Structure formats: C-alpha cells, structure tokens
Amino acid sequence: MNARVRLAAGVTHSNAGGSRVGRRYWRSLEELADSPAFRTMVEQEFPGLAEELEAPATAATRRSFLKVMAASLALAGLTSCRWPKERIMPFAYRPEGYVPGVPQIFATALELGGAALGVLVKSVDGRPIKVEGNPLHPASLGAASPWAQAAVLELYDPERSTTLVRREGGQRRVPTWDDFVAFAAEQATALRQRGGRGFAVLAEATSSPTVAMLRHALLGMLPAARWVEYEPVSRDAERAGLAQVYGTSLRALLHLDQARVIVAMDSDVLYGHPEALRHAREWGAARRGDGGAMPRLYAAEALLSLTGSASDHRLALPAGRIGALLLQLAAEAARAGVLLPAGLGTVSPFTAGTPEADFAVRAAGDLAQVRERGLVVVGPGQPAEVHAVAAALNEALGSRGTTVTYTIAPDPERRPHLEAVAELSASLADGTTEALWILGGNPAWDAPAELEFAQRLAACPQTVHLSLYENETSRLCRWHLPRAHALESWGDARAWDGTLSVVQPLIEPLYGGRSPAEVLAALVGEPALSAYDLTRRTFASQWGGGEDAWRRALSDGIVANTAYATVTPRLLGDAAGEAGGRLAVRPASGRELILYPDAKVFDGRFANSGWLQELPDPITTLTWDNAATLAPEDAQELRVKHGEVVRITHGGRSVEAPACVVPGQARGVVGLALGYGREAGGSVAAGAGVDAYPVRTAATAYLASGVEVQRTGRRRLLATTQEHHVIDTLGMAERGRRVGSLIREASLNEFQRHPEFAKNATWSQARPLWQEIELKGEHQWAMAIDLSACIGCGACTIACQAENNIPVVGRKQVARGREMHWIRVDRYFAGDPSDPQVRFQPMPCQHCENAPCESVCPVAATVHSEEGLNQMVYNRCVGTRYCSNNCPYKVRRFNFFNNFTKVAATTRMAFNPEVTVRGRGVMEKCTFCIQRIEAGKTAAKNERRPLRDGEIVPACAQTCPTRAIVFGDLKDPSSEVSRLHRHPRSYGILEEIDTKPRTLYLAKLTNPHGAAGEGEASS
Amino acid sequence: MSAVPLPLDNTLEAPGTRAPLVLGTSDLASITEQVCEIAERPRPSREWLLAFGISASVTAVLFAMVGYLVWHGIGVWGVNQPVAWGFAIINFVFWVGIGHAGTLISAILFLFRQKWRTSINRFAEAMTIFAVICAGLFPAIHVGRPWFEYWLAPLPNQMQMWPNFRSPLLWDVFAVSTYFTVSLMFWYMGMVPDLATLRDRATSKIRQIAYGIASLGWRGSGRHWHRYERAYLLLAALATPLVLSVHSVVSFDFAVSQLPGWHATIFPPYFVAGAIFSGFAMVLTLLLPVRRIFKLESLITPRHLDNMAKIILATGSMVGYSYIIEFFVAWYSGNPYEGFTFLNRALGPYAWSYWIMFTCNAIIPQLLWFKRFRQSPWLLLVISIFVNIGMWFERFVIVVTSLSRDFLPSSWGYYMPTWVDALTFLGSFGLFFTLFLLFLRYLPIVAMAEVKSVIPAAGLELGPHHGHGQYWGEIPHQHDEQEGR
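Just so you know, these numbers come straight off a predicted model, no measurement behind them.

1. Let's talk about the overall build of chain A
No. 1: Assigned secondary structure in chain A consists of 35 helices and 40 strands.
No. 2: Across the 1019 residues that make up chain A, the buried fraction comes to 56%.
No. 3: Contacts in chain A between residues at least 24 apart in sequence constitute 74% of all its contacts with a sequence separation of at least 6.

Written out as structure tokens, the structure reads:
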C-alpha cells in the first residue's frame, strides 16, 4: 500500500507539469484536485474512491474520501523534502576514486574582474564545501582570497535567482529556458536582418576564451552590434598610462621577490590587486630576514591600506598629491644619478624639509642605489599620467625585466570601462540601442551616477540580464536569466598573467542557471551546445592536445605555458615628460573623497555573503557596514565623533554615512567603501552600510576633490570587533604600553646585533610551583606565526569559518561583542597617533600546555589531549563560560543563541560534515583543525608510514597568502614548526603568567632606512 | 526611640549593671501574645495584601524572565566576549552575601553568648534562607544549557565522568548547598518550640494540623528541651565554619582564576567581611519597618539596633580597608596588569560604578561612629539601603570591570545589561519579599522561647537558674566537673 501511494505521489508529481518541488504542487492543489488527470489517477489508485469524488453526496462518504486523500496528499507533499526524483540514481558501479564520505578535490578557477584565481575545491558526496588555493596556479600558489573562499556560501545562497523572469506590461511571468531559447532565436533572426544595428551586449570583464570566441562569432554575425565591457572597479588608468609611454596597451606584472626597494604610491599591491596573493607570497618570503637582507617598502597613500601597514616608511598624503610626490621622487632620483627621460625630474613640488620631501629623498636614494632591483608601483585609482611617470621611472631604473614585466593587454582595442558605459548610456538615451543584453554585473546600480543608467535601462524596449541574483539591474530588465555559479558550470578563464584554467562544475546547477557562454550560444544559433561542449571546443581549437591534455588541464587546474608572452616595449621619446608636465600643473584641491572597493564585499557583488559581511575590515575592524573614514585631526576639526552620521556632498550629489576615525589616514581625506547599501542585494545585504555609488561619477570614480562634510547629529552604532566603544585615554595609554610586549619587533639591523631580542621581554618570569605533567602523545602539535610575514588580510579568518562551520551572528550581535571567529586578526596602532604604525597579530587558541580554561570548567568539558591539544568537548559543555573568563587570550567563543536556526536548507549543504555544528549554550574555539589532524593520522596509518611534516595543515595555514602560519609536530625536531619554535625570534605572548602557549609568534622585523635602530625613527 | 521612655534607654553602658535586653513590662505571656498575635490574625491586613500582591507579581516577572531566557538562550542577557559573566553572577554573590547575617547571628553570636541576638535571630535566619534561595537561582539559570546542570553533581553515571574537582564552580555547588541545608535545619529546628506554641493556640483545624505537623510532636518536656538544646548547640558549631567558608568559596570563583582584579589572596576575608556587612544591612533594612509595623519595639530595642550598627561599622571598615589595600597590593606586586586593572576601576569607563561602591560602602557607614546615627531608625534605614546598593555595586565592579579589560587590549569590551537582566534582578527581589511576607504571615517572627529566657521574668538575675531556655548561659553538664561528677 505504501509503495502504491508513493507511486501515486510520483504520478501526481509528473502531472503537475514538471514542477520540481512539492511546494509548487500544493500551490496548484485546487486546480489539480479537479483535473481529469487527477481523477484518472485516483481511479487507478483507489478503485471505489472515484465514485465518491464524482458525487461527494453524504457527509460520511465525504469524510472517508477526505481521510484517504489527506493521507495520499500528505505523502505527495513529501516531495518537498527531497531533491528531484528523476536525478537520484544509485551507483550501479562506484565511480573510480570515489568513496562515500571521503572528500574529493577538484581543480577549477574563479574569476573576479577578468582575472582568474585557480582554486581547489573540496567536495564531499557531491557537495562542494571548501575552496582552497591551487598551488600550481600562478595567481594563487596555494592561497585563496576571502572572496574566493566565500564562493561556496554564494553557491548555496538560497536568495540566488532560481527562475527566469519575464516582465511585460507590469506583469512578472516565469518562463522556461526553452521559452528563452526560442526568444533568442527569434531575436537573432530579426537582428541578423538589420546587421545587429541597435543591439548591444554589456558584459562584465571576463578572460574566458570561450566567451571571446562567441563574442567573435556574434560580432561576425551582427557586424553593427556593439560589445561593451564594464566593471565599476577597473585598472584602466594603469593601462592608459602604460599606453601613454609605450604606445600600446600593456599589462604589468610585478615581481616583488626581485625587488629590494619598493615604492608604493597609493597602491595596495598586497591586497587590492588581481595578483595580490602572489605578491603577498613573495613579500612574506622576502621579509623574514633569513638571508640577512630584506626588501624595504615605502608607501605613500591617502587611506590606510594593508600595503601601507606593512611598509617600513609610510607617508599619509591625499590621493590628489600622489602625482606631485611622484614628480618629487623623480627629481630626487635624477639628483641621485638616475638618468630620466627628458622632461622628467625637473620639478620639485614639495619644499625641502617637509615630510613629503624627506620621504622622496630617502626613497629615491634607495631606488638609485638598487637600480634594477627597485620598483615604483602606482595604484589603480591614480590618473594615467601618474602611471606613465612611474613606468618611465621604472624604465630609467632598469627595473623592467626584473621587478616589473609587461605583456600585451588582452583585448587591446577595448574602450576603457567608464567611457564604454557612458557611450552605451548615451546610445540608450537617444534610442540607437534598442536591445541590450547584459551578461553579469549590476550596471543599473553601479554605473556612474551622472549617466542615470537605471532610468535609461528601464526605458529600453528589449533588455536581457543574466545574473546570479535578481538584483537592481534585473528588476529593470524585460528578461532576467539565472546565472550558473562558477562552481556549477563549465567554462574557462585566464589568470592575470594569462595562464589558462578550465572551470569545471562541482555540482549540477542548483537552480537551473546557465553560464554566459550558453546564453551567447543561444543567440549565435548554437543553443544545443552546452557549456561543456563550448568549453571543449574552445580548448581543442586553441590548445589542441585532445583528451589527455584536457584531462591534464582538469586535474592540474592550469594549462602549462599559457601565460601571455612578455614583451619588451620601447619608451616613446617625450611621452613621459609630457605626462609629467600634465601632472605638474594639477593643482592641489580641497577635501578629498576617496571611493574604494571594499576589502570584503568588493564592488557590492559579494554583499549577500554573511561570511564576508562579518569579516572585520582589516584596518577599522568594522563589520556589516561601511563608514566615512576620517583622520583624527579632521574629525576633531569637524567636531565629528566616531559613529556620527555625516553628509558628504560633491557636485550636488550627497551621501550620508557614519564617521569612523582612522589614525594614519591622510588629513583632508574622507574614505568611503563601495559595495554597501544594496537595495536588492538580498536579506543579508539589506541594511548593511550606505550606498556610495550615488556620489560616484565617471570623473570621480576614485577621487572627488572639494567635497563638503557636514554633521547631521544622528548616530549609528558601528559593529566593530575591536574598541566596541570609543576608548578613553587611560585605556589608550595602557594599550600603547602593552603592544610592545605583545608584538615584539626590531629592525633588521637590531636583529642582527641582538638575535634574541624577542626573548624575555616580559615583566616577570613565571616558575612552576609543582611538577608539571609531561605529555606523552606520539605527536605534539604546535603552531608558529611569523609576524614579519603576516599582512593582516583576514584570509585565515574566512578559511577557518568555512572549515569549521562557524556561524554568522549578524550586526547586532557583533556590536554586542559576540562574533564567533575562532581566529581573529588583532590590529594595533603603535607610535604617534597622527602617523601610527599598524601591527597585525592573528590570534587563534594558543593551546596552552598549562591552560587556564581547563582547570576551571566544573564539568571537565575542556581538557588536554596527550598530543598537546586543548580540546573542547561540546557535548559535555553546560555553558558556565568560566573558561572564557579565565582565558587570557579571550579566544573562546560562546553560542549565546542557537545560531543555526535560520540557516536555509541549501546553506546547510556548505557545512563541513567532519565538524560538529554547535548548538546554543556551548563554548567553542580553535581546535587546530583536529578533523584534519585525525584524517592525516589515519591516512598515514593506513599507508603504514610515519606522518610527514607539512602533511597536516589547518585551514588558516593552508590559505595564508604569506605562509605566516606554520603548523606541525614538535616531537619531530626537523619539522618546520620545531625549527621556528627554536628560532631566535620566537616568543609566546603572556609567557609571564605561565600558560605555556603552544602557539609561538616570530617577532616582526622591519627594515627602515638608514642605520636603523640607531635613533633613526621609522617614519 | 521616642516611644521608649528615657530611663529605659538600654543603650547606655553602666558599669556593674546589665542593660536590659527587652524593654517594657514584658512577661512570659505577653511575649507569647505579642508574637503569636501577628501570625494569628484572622485575615491579613490590607497593607500585607498589597505588599504581597506586588511582590507576587514581581515574582511572576522573574519566572517569565527565566522562561524567556531558557527558551531563547543566554544571548537575551547583556553578557558577551570578554564579559562572559554579568548580572547573574553579580546577583548570585549579592544574595549569598545577604544570606550571611542570619547564620552569623544565630550561630556565631550564639557561641559567643551574645544574648541580644535572641530578638532578631529568627528574623535574620529567615532572611538568610530566602536570600540563599534567590542566590541559588542565578547560577542555575546562568549556564548555557541548564538542562544538563546535574552534571555538576558527583553522581555515578553512564558516562563514567566525574565533575572536575579542580573547578571553584564545583566547590561553589557544594558550599552553597551545604550552607543552605544547614541554615534551613538550624532555622527550622530553632522554630520547633515556637511552632508548638502556635499549634497549641490554634483555633482552626487547618492550623492545628499544619502547625502540628511542623512542630514534630513537641511537648515541651524536659527531655525535649535537653535534646533540643544539645542539637541546637551542635548545629551552631556546624554552621559557624560555614559562615566563613561559604563566602570564601564564592570568592574562590574569582581568586582562583588568573584574571587581574580577581586573582587576589585577599579575597576570602574581604568577601566574608563584605557578606556580613551586606547581610546586617539587609537585616536592618527589613527589621526597621517590621519592628515599627508590628510594634515590636520592646523586643527589638535600640540596643539591638545599636549593636547591629556597630557590626556594620566594623565590617564596613574592613571592606573599606580592603578596597584601599587592593590598590597597595596592585602597586606593590609590580604586576602591570594588576596595576592597570585597579586604575581602570577607579578612572576607566566604569569609574562611576567604582565610586558608587566606594561611597556607599566605605564612606557612608562611617557615620555610624556617631551614636545618633546608630539609634535613629530612619537614619539607620537610609544607611542600610546605601550599604545594600554599595554591596551590589561591589560585585558589579569586581565582575565587570575586571573582565571588560584583561590582558590583550584587542579583546577589551564593554558590558551593557539588557532589560531581561534588569527585570530578572528585580524579580529576585519579588521572590525574596514574597517568601518574606509569607514568613511574616504564618510563622513566629521572633524566637519567643529564646526571648523569654532573657527577660527579667525568666529570673536571669536570680542566681543559678531553673527551667529551660537558658541553654545560651548554661551548657548542660558544664558544672559537672566542678561538682566532682
């Protein structure tokens, strides 16, 4: 009977027009209950019941009818609890290499702003759960950015678009892909007749060769059609600058490992760059002072960036003055003997003795000394002329070929993004563009404000938008198409250096989305080709090699030797001098507003990710918000308090944002991150921050000069993870006193003279009062964190969150001080508040051998393992929170609520099945990724071999771009962690209270100019 | 007290004469009448009903808050990282402290033969019991998963797990539960003869049965008195160390941890002194109105008030000394964390709470050096309320300021209670007063049998005594040796 009823459910399901889930079935219940098909089914399944359905005459029969129907409908409704029936198939044969429950790793790539990052994705029983860097990929080298790591959460986001949407005459309909393919074919025919006139494609930047081929095919078919590429955050200025001095569109590749002196001009090469992960790796490797030498970094910047924080000399300078500083640098370099092109090196905008001039003298002196080992790098927000001068300076130093190399920029004829979108907007306004297909992106929200793109888009008669979310742009388009996530579609992409990766899916599209290539294929008349077919075709036609090469590409995640060729361009005679001349006349201007891509939500595309929203901003530690950052002096001058909402006005456009005081920011500068204040960004993004795009025009895409800042008197509580309230002077003074012993540092010279400088830097030495317990485990796990390498990017925090099922608690809870991160990155300011040094310290559980938390737990829920791990037994925890009180590092996290009640069914798929999901009332903390330790031990045991050093890597260490975190076994004296624990720079924090931390820090080394450490103040 | 005629001022110390402990023309019968009458009124007074209605409603709020808490989780409170303990632990220590006066008065003063205790001991003991009930509630609800609380008990179980005997929280469980048990037994046992009096005077069936059961068949025989006095003495001896130990153990919750501001060897004596201080203040706060309302001025005389005020002065000075010596120790230890913690208490973001504490506990009670303040019920009432406030803030200062700024400045935070915290604290007063009002209504609020033994009619002045009630003065068989037996 049961089986028959279930069969009936199946029949009902197929009758309901292919609805995938039971929910839809219920919605059409009434309609269905009366349909002939339903009656037939009832007749077949319940003979004798059909009569009652025909004539429910008496109460008694109606009741019995209802009873039976209730049972069968209830069972039919159960389809809502399962995935589509037709896709569940048992394995007749187990696929090769697949063992249920054992994770599989697949190589693929994720693209951001037209540059691919090679990643390895861990998949458990068909569910991708964790993104790691691909060690073979040149842009990753094994590390993954927070954005890449958050891709799994995005994949499972229940608010992603699930259906096609067609809007006509105020109606919202839900068509099928077949409807769309038919529509596309119809369109293609119509367009072909007029040669594509009036048709445009607006695409986000992509490096996909398949998309490029389809674009070619499309433009071949429709010669009058237009292809427009737009990214709100782009590096077009750099491209234009290089074109000014070299005559062609070039792409620069930086080689920090070759550099001895780096001058970063408003440039965050360590975080805000497509190759930031590689830069960070090279930086981290070079800064450990092992060979007695390390590169020196000069940074001049308006806002405080990670690169500025890592620098040896930092100059806070309004962004509009960076060009002038570069000229000063050139002049000083010329004075120091560097032969500059004509017209450069003649102007010194800053008078001698000013901090700017001193900075330039020192930096130029160092550059002149190291010549081709020097590097001048300029940030993407700076105008093309600054890039041009910097390129000429690098050329003059002889750095081209060592610290910087060039390749021909892909798609060299492309119009700059801002110009292209402006032209498109104009053509929409005058009606020359009648049909617009938008592949990805969100231009209605993030196009320059003066274009009024949204209104023009809404007026366009035929618009199609392919997007992961039904966002601000989708709402204005006639068609919305759900996009397949990168983790669920086939494709290809190239890294910043050109290395090709094949994008392979980890899972069937959860919501039936399609990739941009598939949508284009539908338009160019190849609708039958799947993304896989298209990708293979591109691969075969461009790289050949057949099946073996394809499999190799899938397995490695890269295709070897596909990087763009390095070119040796020649400097155009006077171009650099002319660019310098244009710079020189640029006047200094009033208060600046800098609109920068956010460290977490980027340009807004990641705004619906709880992990990224809750990741503290590296500098401000702000979560769930953006804020108008102000230098302390400016805040004082404007009489603005931290958290007070200010109105920022420029050219008649204004935005209101809460103020956030950031020491080290240049005076006269307001910073505001893009990407917040989404209107249609989803429930996670809702209410997070303010939208900065309304003040962002093409001319002020990065920098607006002469803005006005007014107080509004309103306040907004900012959820920061440090300084939950504005700190008083007493606390500030004490913090200043303590930083020195928490983060020990010395210059390279001091270190060479006193290698043991980091030892014994505490106020007292503890001596044990009793015989201490000896741990007898086979392994003794430990960690070492090199503060010289750490740049504070927070990738470890996200990696840990993804690996260990750490909940997102939301803005209010963070404001209360209840964030759950197991590894946090502490940020300290040291030195003069107007020109502070920034120091970062990742802080996981220290796994103290003498752990204060363990002795105070009344139920023994936190205990020490024989292998030296401080273990937390969730099942045993009753939640007295005494352990947290007694933890001197405050790394324990308490589940104040049940943090998983509101997690959607799809999001639950992102959970790591190896890690317990904690309920409420339970304490939790870093475990050193015990699930990975046990998996590694098991693997070694099965293979009857000892564990190898480096075989077990916790999530934080695995993803750390600079390799600052090292984990291993202290019992093995040759292990890396043993070596680091013996290192002269190693120290434990709060050693004086005798906690005996198993996590040691390696003191920070700096390399300031001059005879450092002998009175030479680092800037 | 203006009601008491001047010649009968029993607060004067005249050499050679004992000051009377009970004033007025009390004889044995009138004492019985005076005390029993309170519990025998046919219907409660309007004031009692009003007070009971209010406190029962506030108790309902408490239970609503507890339900809300258990349903949603600890997050409805203001606790966070780093301040993982908040109002719940503050209230716990506050109420446990209050629960000190009763047993101190009953047991320690009994052993020291302070006869003046007889008028107030019942009252103070009742307060102890109710305060400990309120105190016990808070640790029970403050854990994250209260349904697993029994894991703190050393019960044999299928998990083969003992609790962690190194944890002061576990010691707390033992200390507080032992203290509660012994205090309850002491209180109840001391009440048996008086309950029997109520039973004998009862006119309704229900009262006869209820008091009959409660009085355990007391008949007042010489053998009964003998057993009773032995048991009372033994319990007093048992309870005496508990008075000192329970708050010492509570202080271990803090002192055993390594947190600056908690990790201090001064804590046990400092906590005990503070507990007695707050306990006596609470006794006064309750006693002064009750004495007035129920016209017990002749039993609870100015001398009683004077004595209690002196104890408050003494313990308050000890507490004030501790506050100051903590600063000295912090400086003298050379420990920079410790030093900062105390500076931060006095000058940091929570300085307001520190100065409330210091003013209420260390400065205001110094007024009690003046006799006028010791003997005016109104002034005493005001001072005792200040002490109660101050002692609550003392626990707030200890718990919150230490936690909010510990070792790593990166994890410093700020604690703000929520409305649930506030209403739960308020609700605990509702529970306390509800129990207290029930006590006033149904039980003998003054230990009649004991008071009778100190009035002139008992023949205290008439040389070697005969009859019962003299257990405080004459320990049975104490003269056996002298008499060669």
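2. Some thoughts on the environment of Leu153 of chain A
No. 1: Summarising the element assignment, Leu153 of chain A is placed in helix 8 (residues 151–155).
No. 2: Using a count of 22 C-beta atoms within 10 Å as the deciding quantity, one classes Leu153 of chain A as buried.

3. Overview of the sheet that holds strand 20 (residues 592–596) of chain A
Residues and elements named next belong to chain A.
No. 1: In spatial order, the strands read 26-20-25-22-24-23-27; together these 7 strands make up an open sheet with mixed pairing. Because the sheet does not close on itself, it has two edges, and the strands there are strand 26 (703–705) and strand 27 (708–715). The average undirected angle you get between the axes of adjacent strands in this sheet is 30°.
No. 2: As paired strands, strand 22 (residues 628–630) and strand 24 (residues 653–661) are joined by 3 bridges and run parallel to one another. Looking at strand 24, one finds that Leu630 is bridged to Val661.

4. Looking at the interface of chain B and chain A
No. 1: Tallying the contact residues gives 45 residues for chain B and 44 residues for chain A.
No. 2: Those elements that place two or more of their residues in the side of chain B that touches chain A are helix 6 (168–201) and helix 11 (336–347) of chain B.
No. 3: For the side of chain B that touches chain A, the element with the highest residue contribution is helix 11 of chain B, accounting for 5 residues.
No. 4: Class assignment of the residues belonging to the side of chain B that touches chain A gives a composition of 25 nonpolar, 15 polar and 5 charged.

5. Concerning the nonpolar core
No. 1: Ranked by size, the top nonpolar core spans 437 residues in total, and within it Met265, Val389 and Ile648 of chain A together with Met127 and Val283 of chain B carry the most contacts.
No. 2: Counting residues per element, this core draws most heavily on helix 9 (residues 267–293) of chain B, at 15 residues.
No. 3: Ignoring anything within four residues of it in the chain, the contact list for Val389 of chain A reads Leu326, Ala330, Leu344, Ala576, Ala579, Gly580 and Leu583 of chain A.

6. Remarks on the sheet that holds strand 13 (residues 404–408) of chain A
All names here are of chain A.
No. 1: Taken in spatial order, the 3 strands of this open sheet run 8-13-19, and their pairing is antiparallel. Because the sheet does not close on itself, it has two edges, and the strands there are strand 8 (250–254) and strand 19 (566–567).
No. 2: Here strand 8 runs beside strand 13; their pairing, made up of 5 bridges, is antiparallel. From the neighbouring strand, Leu254 faces strand 13, where its bridge partner is Val404.

7. What to know about the confidence of the model for chain A
No. 1: With 89% of its residues at a pLDDT of 70 or more, chain A has an overall mean of 86.
No. 2: A low-confidence stretch, residues 55–59 of chain A (pLDDT under 50), is modelled with 3 contacts involving residues beyond four sequence positions or located in other chains.

The rules we used
- Residues numbered from 1 in each chain as written.
- Chains lettered and ligands numbered in written order.
- Predicted model: local features only at pLDDT ≥ 70, side-chain atom pairs only at ≥ 80, totals over all residues.
- Helix = DSSP H or I, 4+ residues; strand = E, 2+ residues; numbered from the N terminus.
- Buried ≥ 20, exposed ≤ 12 C-beta atoms within 10 Å, placed from the backbone.
- Contact = placed C-beta atoms within 7 Å.
- Pairing = 2+ DSSP bridges.
- Axes fitted to C-alpha atoms, helices over the stretch in contact; angles between N-to-C directions.
- Nonpolar A, V, L, I, M, F, W, Y, C, P; charged D, E, K, R; others polar.
- Core = buried A, V, L, I, M, F, W, Y, C linked by C-beta atoms within 7 Å.
- pLDDT = per-residue confidence, 0-100.

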